[in-house]
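# Per-entry structural report
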Amino acid sequence: MTPITNNDRLVFEPITSRPRVTWPGGRTVAVWHAPNVEHYDFVPPGGGSPQGRVSSPDVQHYMHRAAGNRTGFWRMLRAVDRFEIPSTVSLSLAVLEEMPEIRDAMLERDWEVMSHGISNLRPLYGLSEEDEDEFFAVSQRLARTYYDDRPIKGLLGPKISGTDNTCDLMVEHGMSYHADWIHDEQPRPLRTRSGGRLVSMPYSYMLNDVPLLHAKHYSGEYFVAMVKAQIDRLLTDAERDGQARVACVATHPFVMGQPGMQLHLEAVFEYLRSDDRIWVTRAGDIADHYLDHHYDTQLDSALAWNGATA
Amino acid sequence: MERSDRVKIIHNPADATVFAPDLDLAYDGHREPWQLPNGKKLAVSLLLHAPRYQDDVPSGAIKPLAMQGGVGRDTSEPRHGQVARLSQWDFGLTVGIWRLLDIARDAGMPTAVALDAEGVEAMPRLAADIADRADEIVVRGRAANIIIGTGMSAEEEREYIVRARHAVESASGRACVGWFGPERGQTAATPALLRETGFRWFGDWPVDERPVILDGAASGLVAVSHQLEAEDMFSLYTRGLSFLEYERLLDDTVAQLLADAELVGARHLGLSWFGWVLGQAAFAGVAERFLRRLAAHPDILLATPGDIALLSR
């Protein structure tokens, strides 16, 4: 069977003509906090250098990220607890098996586990369908074994990677949302070969500490300004057109967990708790609500917009 | 002594093309000042880009060597299987372009929207819906990442241009006389081919602060400049300005152009904005505030790029 191309995964309809999406309780902007809790192999498979800086092991790279898990994660937790922020951890699943302290802290807080691969130096690029199928089977086994028997609903590909089969295999392993797609402010249907239901979940490389602070060198203050500008606009537009929307605040313990960033993280959380129109929730809850209440009408509308039928 | 009469000291290498074909060498203070109707000092036009990014590019097609968008600051082509750039550019079509069209309408700013062949062929209604709201439709080649470039024969390039124009005109139902190539990709022959195939203006060259009528093989074609620094993708991504800095840059640019108009004649500022960039919720406020300030200024003429081309005569 010819794979569905990445362009054709997208079920297009402009936001202007879609049936309205709404969130529970009349809230208009759903915000999910996605801490990326990652593990990086000391020497990755194949021995490659993680950043092309020095040959592997790159201890600066490894230790910087390990410090995020040893200290930054726990500092961020204090802010999460203070503002009672539900979180969807984008997790290197090795953490479930190898770092029980972190795993248990997340489970105690009812965080949702979203797969971010096994290790963030093991991308999915080039995997055979058989090997990728095994990857998803292992991922669900890890969650069932170590995380209160809770299956994984979502994926953000490790190193934002995938294959032509990723979406299809996800639904075959019971998953319902894929966060690699950033093409919308609402979840959107993604085509799969089986017709199984899969939606995109708006992740962000804009409200994201790694691209913003680590790669592009903006300040913590600017991170806060971006969050406020983004969500303020979404609130305004949702009131204008009645379309509820989604924003994601993506963090990493090795960036936002740094001591100098804590006040900015707290400023973000304080802002999220300052407006009752914001539904601070988990990605899986957004996906479930969309699938239960909006998926079918959105898909039918898009097919009609494109002159096709279901 | 005239420039052409001098004995040249520099002997240019035979394989160098020293100057762009068809572009005169003209300088502020040494040419007739440009004038706008009703004594306006500055004309501002707005071109909104609504391109489609192709994850799979056909073999033989020319791709950009670097592009903005996707994860982090990497501008090389993503590995197959990473959909960040594809989906970020697609955001411009699902949400961003509509947000910018609303903002422009509310500010009273006329709009031109640039569409490409792959986008309108995959989603014919996209062109029709945009044509309902835009004052001008502009042809933007085949796709965001299928560009014109060296290596194409003149016949291949002509076919690329004609096919794109036909696709956009058919889907939008509008006659198109303006061109903006994806990634501003051109060969030395492009302006002449645009002229030959019926275009009146093109926007790729950030070459001046007033429209420029070309000479030579492209005689009569108008270069309507879209200054690089005023472009959202260049300032916010390539340069990495914050949105606060970008807004200040736009305001400072307008203030200086208004002041310069007193000295060197009327100015034109061509805004080139992308649905996937300034149409993002975090950035849209810049567009909203800036366009409102423009619309309230008595010395500024708001026009489409096609209008600017007509005003060049």
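Counting of residues starts from 1 at the beginning of each chain's written sequence and follows it residue by residue. Each chain is given a letter, starting from A, and each ligand a number, starting from 1, according to the order in which they appear as written. Local features are withheld for residues below a pLDDT of 70 in this predicted model, meaning they are given only at 70 or higher, and side-chain atom pairs are given and counted only at 80 or more; totals for whole chains, interfaces and linings count all residues.

### Some words on the overall build of chain B
Helix and strand definitions here come from DSSP, where helices need a minimum of 4 consecutive H or I residues and strands a minimum of 2 consecutive E residues; each element is numbered from the N-terminal end. A tally of helices and strands in chain B yields 9 helices and 9 strands. Both definitions apply: the radius of gyration is a C-alpha atom measure, and the globule rule equals 2.2 Å times residues to the power 0.38. Against the compact-globule benchmark of 20 Å for 313 residues, chain B has a radius of gyration of 19 Å, which places it among compact chains. Overall, chain B is about 60 × 50 × 40 Å in size when its C-alpha atoms are taken along their principal axes. Counting all 313 residues of chain B, 51% fall into the buried class. Residue burial is a threshold on neighbouring C-beta atoms within 10 Å of the residue's own C-beta, all placed from the backbone, with 20 or more meaning buried, 12 or fewer meaning exposed, and counts in between meaning partly exposed.

### Thoughts on the overall build of chain A
Of regular secondary structure, chain A possesses 11 helices and 9 strands. In terms of overall dimensions, chain A is globule-like: its C-alpha atoms have a radius of gyration of 19 Å, near the 19 Å expected for 310 residues. Taken over 310 residues, chain A has a buried fraction of 52%. Residue pairs qualify as contacts under a 7 Å threshold applied to their C-beta atoms, which are placed from the backbone. Counting contacts in chain A only where the partners sit at least 6 residues apart, residues at least 24 apart contribute 74% of the total.

### Re the nonpolar core
Generally speaking, a soluble globular protein has its nonpolar side chains buried in company with each other. Formed by 182 residues in total, the largest nonpolar core has its most connected members in Val29 and Val31 of chain A together with Val113, Val138 and Val168 of chain B. At 12 residues, the largest contribution of residues to this core is made by helix H1 (residues 84-107) of chain B. When sequence neighbours within four positions are dropped, the list of residues in contact with Val138 of chain B reads Leu47, Ala112, Val113, Ala114, Cys176, Gly178, Trp179 and Phe180 of chain B. In these notes, a nonpolar core means any group of buried Ala, Val, Leu, Ile, Met, Phe, Trp, Tyr and Cys residues linked to one another through C-beta atoms within 7 Å.

### Things to note about the pairing of strand S8 (residues 245-251) of chain A
All names here are of chain A. The buried count for S8 comes to 7 of 7 residues, which makes it a mostly enclosed element. On S8, burial covers both faces: Arg245, Ala247, Val249 and Thr251 on one face and Val246, Cys248 and Ala250 on the other are all buried. For strand S1 (residues 29-37) and S8, the ladder comprises 7 bridges, and the chain directions are parallel. Paired with Trp32 across the strands is Cys248, a residue of S8. At least two DSSP bridges between two strands are needed for those strands to be called paired.

### Some words on the packing of H1 of chain B against helix H8 (residues 281-295) of chain B
Residues and elements named next belong to chain B. In contact at an axis separation of 9 Å, H1 and H8 are set at 20 degrees when each is read in the N-to-C sense. One element, H1, and the other, H8, form an angle in the roughly parallel class. H1 and H8 meet at a crossing whose hand is right-handed. Touching Arg99, Leu100, Ile103, Ala104 and Ala107 of H1 are Ala284, Ala287, Glu288, Leu291, Arg292 and Ala295, all from H8. Residue polarity follows a fixed list, in which Ala, Val, Leu, Ile, Met, Phe, Trp, Tyr, Cys and Pro are nonpolar, Asp, Glu, Lys and Arg are charged, and the others, Gly among them, are polar. When its residues are assigned to classes, the contact of H1 with H8 shows 8 nonpolar, no polar and 3 charged. Lines are fitted to the C-alpha atoms to define the axes, a helix being fitted only along its stretch in contact, and any angle between axes, read from their N-to-C directions, falls within 0 to 180 degrees. By the definition adopted for this analysis, an angle is roughly parallel if under 35 degrees, roughly antiparallel if over 145, roughly perpendicular if from 65 to 115, and oblique otherwise. Definitions for this section: a left-handed crossing has its near helix turned counterclockwise from the far helix by less than a right angle. A right-handed crossing has that turn clockwise.

### What about the confidence of the model for chain B?
Per-chain confidence: chain B averages 96 in pLDDT, with 99% of residues scoring 70 or above. Interface confidence for the predicted complex, expressed as ipTM, amounts to 0.97; the pTM equals 0.97. Values of pLDDT, which run from 0 to 100, indicate the predictor's confidence residue by residue.

### Considering H1 of chain B
Residue and element names in this part refer to chain B. Between its first and last C-alpha atoms H1 spans 32 Å; for 24 residues at 1.5 Å apiece the expected length is 34 Å, and the two agree. Two axes enter the bend calculation: one fitted to the seven residues ending at the residue in question, the other to the seven starting there, and the bend is the angle between them. Maximal helix bending in H1 amounts to about 50 degrees, located at Val95. Summarising burial for H1: 20 of the 24 residues are buried, a large majority. Gly108 lies just past H1 and shows a positive phi near 80 degrees. Every helix has an expected span of 1.5 Å times one less than the residues it contains.

### Quick word on the interface of chain B and chain A
Contacts between the two partners involve 30 residues from chain B and, on the opposite side, 35 residues from chain A. At the level of elements, H1, helix H3 (124-131) and H8 of chain B are the ones that each hand at least two residues to the side of chain B that touches chain A. In terms of residue count, H1 of chain B provides more of the side of chain B that touches chain A than any other element does, 9 residues in total. Among the residues forming the side of chain B that touches chain A, the class breakdown is 12 nonpolar, 11 polar and 7 charged.

### With respect to the environment of Pro253 of chain A
All names here are of chain A. The topology assignment puts Pro253 in the loop between S8 and helix H9 (262-272). Judged by the 26 C-beta atoms lying within 10 Å of it, Pro253 falls in the buried class. Contact partners of Pro253, with chain neighbours within four places excluded, come to Pro35, Val37, Gly68, Asn69, Gly72, Phe73 and Met76.

### Considering the packing of helix H2 (residues 59-83) of chain A against H9 of chain A
Residues and elements named next belong to chain A. For the pair H2 and H9, interaxial distance at closest approach is 10 Å and the crossing angle is 25 degrees. Looking at the two axes, H2 sits roughly parallel to H9. At the point where H2 passes H9, the crossing takes the right-handed sense. In this structure, H2 contributes Arg75, Met76, Ala79 and Phe83 to the contact, and H9 contributes Gln262, Leu265, Glu266, Phe269 and Glu270. Each residue belonging to the contact of H2 with H9 can be placed in one class, and the counts come to 5 nonpolar, 1 polar and 3 charged.

### A few points about unusual backbone geometry
Residues and elements named next belong to chain A. The omega angle of the peptide bond from Ser56 to Pro57 is 5 degrees, so this bond is cis rather than trans. Of note in the backbone geometry, Asp148 takes a positive phi value of approximately 60 degrees without being a glycine. Asp148 gets classed as exposed once you count the C-beta atoms within 10 Å, which come to 10.

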